[in-house]
Amino acid sequence: MLEIKNLHATVGGKEILKGIDLTVKSGEIHALMGQNGAGKSTLSNVLVGHPAYTVTDGSITFNGKDLLAMSPDERSHEGLFLSFQQPVEIPGVSMTNFMRAALNAKRKYLGLEPLDASTFLKLMRERRKVVELDSKLANRSVNEGFSGGERKRNEIFQMAMLEPSMCILDETDSGLDVDALRIVAEGFNKLRKPETAAIVITHYQRLLDYLKPDVVHVLMDGRIVRSGGPELAMEIEQKGFDWIRNSD
Amino acid sequence: MNQYIDLFQSQRALLDARSLPVFNERRQEAFEAFQRLGFPSRKVERFKYTDVAEAFAPNYGLNLSRLRIPVNPYQAFRCDVPNLSTSLYFVVNDSFYKDALPKAQLPKGVYVGAMQDGTFKDLFGSLADVNSDAITALNTMLAQDALLLYVPARVRVERPIQVVNILRSAVPLMANRRVLIVVEEDAEVRLLFCDHAADDVDFLTTQVTEVFVGKGAQVEIYELEESTHRCHRFANLYADIDEGAHLTHATFTLTGGLTRNQTDVRLSAPGAEVQLYGCVIADEQQHIDNNTLIEHCASGCKSRELYKYVVDGQAEGAFAGRILVHENAQQTDSQETNANLVCTPEARMWTQPMLEIYADDVKCSHGSTVGQLNDDALFYMQQRGISKAEAQLLLKQAFAEEVIHQITLEPLRDRLHHLVDKRFRGELTYCRGCKLCSH
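Residues numbered from 1 in each chain as written. Chains lettered and ligands numbered in written order. Predicted model: local features only at pLDDT ≥ 70, side-chain atom pairs only at ≥ 80, totals over all residues.

## Regarding the sheet that holds strand 3 (residues 111-114) of chain B
Residue and element names in this part refer to chain B. An order of 3-4-6-8-10-12-14-16-18 is seen for the nine strands of this open sheet, with the pairing classed as mixed. Of all strands in the sheet, those bounded by a partner on one side alone are strand 3 and strand 18 (348-357). Strand-to-strand, the axes of this sheet are offset by a mean angle of 10 degrees, without reference to chain direction. Here strand 16 (residues 316-325) pairs with strand 18 via 10 bridges, running parallel. (Pairing = 2+ DSSP bridges. Helix = DSSP H or I, 4+ residues; strand = E, 2+ residues; numbered from the N terminus. Axes fitted to C-alpha atoms, helices over the stretch in contact; angles between N-to-C directions.)

## Looking at the pairing of strand 10 (residues 231-241) of chain B
Residue and element names in this part refer to chain B. By the criterion of burial, strand 10 is predominantly enclosed, with 11 of the 11 residues buried. Neither face of strand 10 is open: one carries Cys-231, Arg-233, Ala-235, Leu-237, Ala-239 and Ile-241, the other His-232, Phe-234, Asn-236, Tyr-238 and Asp-240, and all of them are buried. Sheet topology note: the strand 10/strand 12 (residues 258-267) ladder contains 10 bridges and is parallel. By the bridge assignment, Ile-241 is partnered in strand 12 with Leu-267. (Buried ≥ 20, exposed ≤ 12 C-beta atoms within 10 Å, placed from the backbone.)

## Observations regarding the packing of helix 3 (residues 27-37) of chain B against helix 6 (residues 134-142) of chain B
All names here are of chain B. In the contact formed by helix 3 and helix 6, the axes pass within 8 Å of each other and the chain directions differ by 145 degrees. Helix-helix and strand crossings are classified by hand; for helix 3 and helix 6 the assignment is left-handed. Residues Arg-27, Ala-30, Phe-31, Ala-33, Phe-34 and Leu-37 of helix 3 lie in contact with helix 6, whose contacting residues are Ala-134, Ala-137, Leu-138, Thr-140 and Met-141. Tallied by class, residues from the contact of helix 3 with helix 6 come to nine nonpolar, one polar and one charged. (Left-handed = near helix turned anticlockwise from the far one by under 90°. Contact = placed C-beta atoms within 7 Å. Nonpolar A, V, L, I, M, F, W, Y, C, P; charged D, E, K, R; others polar.)

## Description of the interface of chain B and chain A
Listed by partner, the interface residues are 16 residues for chain B and 19 residues for chain A. Those elements that provide at least two residues to the side of chain B that touches chain A are helix 7 (375-383) and helix 8 (388-404) of chain B. Broken down by class, the residue content of the side of chain B that touches chain A amounts to seven nonpolar, four polar and five charged.

## A short note on the nonpolar core
Soluble globular proteins: nonpolar side chains tend toward being buried together. Ranked by internal contacts, the top residues of the largest apolar core, which has 197 residues, are A:Val200, B:Val183, B:Val211, B:Val213 and B:Ile241. Examining the composition of this core, we find that eight residues originate from one element, strand 6 (residues 173-183) of chain B, more than from any other. Those residues in contact with B:Ile241 that lie beyond four places of it in its chain are B:Val213, B:Leu247, B:Val265, B:Arg266, B:Leu267, B:Ser268, B:Ala272 and B:Val274. (Core = buried A, V, L, I, M, F, W, Y, C linked by C-beta atoms within 7 Å.)

## Brief notes about the environment of B:Cys297
Residue and element names in this part refer to chain B. Its place among the elements puts Cys-297 in the loop between strand 14 (287-296) and strand 15 (302-311). Each C-alpha atom, one on Cys-297 and one on Val-325, is 6.7 Å from the other, the two residues being 28 residues apart in sequence. In contact with Cys-297, other than residues within four places in its own chain, are Arg-266, Leu-267, Ser-268, His-326 and Ala-329.

## Points about the sheet that holds strand 11 (residues 246-255) of chain B
Residue and element names in this part refer to chain B. The 10 strands are arranged 2-1-5-7-9-11-13-15-17-19 in an open sheet whose pairing can be described as mixed. Of all the strands in the sheet, just strand 2 (95-96) and strand 19 (362-371) have a single pairing partner and so form its edges. Of the pairings in the sheet, the one linking strand 17 (residues 332-342) to strand 19 comprises 10 bridges and is parallel in character. The residue bridging Asn-340 from the neighbouring strand is Val-370, located in strand 19. Against the sheet, helix 8 contacts strand 13 (273-282), strand 15 and strand 17, and its axis sits at roughly 155 degrees relative to strand 15.

## Some details on helix 3 (residues 95-109) of chain A
Residues and elements named next belong to chain A. Its 15 residues give helix 3 an end-to-end C-alpha distance of 21 Å, which sits within 8% of 21 Å, the value for a rise of 1.5 Å per residue. Along helix 3, the residues that are buried comprise Met-95, Phe-98, Met-99, Ala-101, Ala-102, Leu-103, Ala-105 and Lys-106. Immediately beyond the C-terminal end of helix 3, within one or two residues, lies Gly-111, with a positive phi of roughly 80 degrees. (Expected span 1.5 Å × (residues − 1).)

## As for the packing of helix 4 (residues 117-130) of chain A against helix 6 (residues 148-162) of chain A
Residues and elements named next belong to chain A. Packing of helix 4 against helix 6 leaves a shortest axis separation of 9 Å and a crossing angle of 135 degrees. One element, helix 4, and the other, helix 6, form an angle in the oblique class. Two packed elements cross with a definite hand, and for helix 4 against helix 6 that hand is right-handed. Counting all contacts with helix 4, which are made through Leu-123, Arg-127, Arg-128 and Val-130, the residues of helix 6 involved are Phe-157, Ala-160 and Met-161. When its residues are assigned to classes, the contact of helix 4 with helix 6 shows five nonpolar, no polar and two charged. (Parallel < 35°, antiparallel > 145°, perpendicular 65-115°, else oblique.)

## Things to note about the confidence of the model for chain A
For residues with low pLDDT, the predicted coordinates do not support detailed interpretation. Taken over all residues, the pLDDT of chain A has a mean of 91, while the share at 70 or more is 99%. Between the elements of chain A, mean pLDDT differs from a low of 75, seen in helix 10 (residues 242-247) of chain A, to a high of 97, seen in helix 2 (residues 72-77) of chain A. (pLDDT = per-residue confidence, 0-100.)

Structure representation (structure tokens):
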């Protein structure tokens, strides 16, 4: 479903991605690990079309379509979802209005009628319970006054509302305590459909204990230097990343 | 400036013949003041951001002989705001429209109508000092009619009073409106003024409003401007707030050409309160200048001020707000905020919050911000599938919402919410009757 070939990308004129090749099939979970500055977040930003990043070479195909030719909102409609590392506050825009605008934009793209108010609110209620998101939060402005944990739960809630086919979780475990991590991870497992694929960016094994990746990749200096099964993540947890660098 | 002096001198007899003594008695002093003051240049502090002489330079016609204007406002501006039932009145150009008054639904003693000689003669012109402002002087020397709104002591007017100002003319026209609002002790009233232009010609209006808020009275005044880009509005409002009384004044400038609102409030006795709000949405070549002065003259008074601008296109916005705390005004509680979104490289915003304190036991703050839409928020919304244009719209709306939120009159709040949305979507570029009512 996602095919990245020889991807090179720069930010502020500096080359960060230096030839990424990655294929993710429907329903697969891929973990992306690596030290700070290796290019993990750059890859996720390039995938969703952040304007600060420039692709200088390579291609990305998503469900047979050229992803790089699409605007960020089109990519979202096509089924791409990013759980942000640092979800932004949007004062004055209520969660309800925000989600309604997002969901109806997607429905319009797919040629569907907008959801009526009661169906929409019912869906909101249902989905937010899974991640134990308080109804008070749902009535507030987007992420305004949310704690770190609430913001991450809110990301998973939005994922559940939009039902993407490909999720990128960018350090969704950062800033979470053990209980919050469990709620977010279990929420993700419950809310995703079997065919949903995911790229999980993380530094730690703990999140992967819940999400159970099919493939683990190690990113180093803008390239994938090693790929393997779940055991690779365990090995990194024990030995650190330098072990890979040194063994190359 | 000379054209107005010539006009006055040559038409003085006609002006006097068609007006009541209450207006005529003030002309001479106003004329002398106007000659002395002249139109203020941009070197005059309060007029730094608006070129007055330029706005008054073209030749406008005046309806000095008070010819009847062919218009039936009740047909042209049928009002059906959902859930907002108001007592509706019209001012056509600068004359109170007497022909079809609403069925008497006002409490006993309340008066809305043309000013007559008599009871309020001494109040008229007592706040609007002709010697300190050229526009007030010009308005006073040319005024021939005034809208009087009187609420006697302890009367609570439940139903809001709505006044629709209609500009109607086939040729470029100058209108000099006058409003006198007298709310006595412990009375309560809510007023809504809507500005519209029914014709696509150049209009120049001066408007002088005097508001007396008696002891313990509660007054809310909302002004909504939805005219055309060919309208120039110079509105001076003067308010005096007595002991323990409260005034809320909010202006919503949605469409217009050149707007200058000058609002001077005197908190003249202990415990008086004022809230001033402004919401400006400007684009194309609009020019909008809000200039306020709040004087704390007694102890324990409270003032709140919040003005927000969204400046788009090549528009220019200006805000200057001065808060003056006099020596005896101890325990003053005052907050002033001006926040602005400047959306294009060509748009301009000037902001000048000012605080002048002569008392030593006060709590005062003032501040302003000028910024652009938050790129991170825009991208976040786009990632969720909201187009960039829609995301920008939602952010602008959210920005304006803070002011709309202050309106206590719920149907009006909902209506404004809707109008602001339409305005941002570019569906409110032209005045076609009372949008507050008919859309």
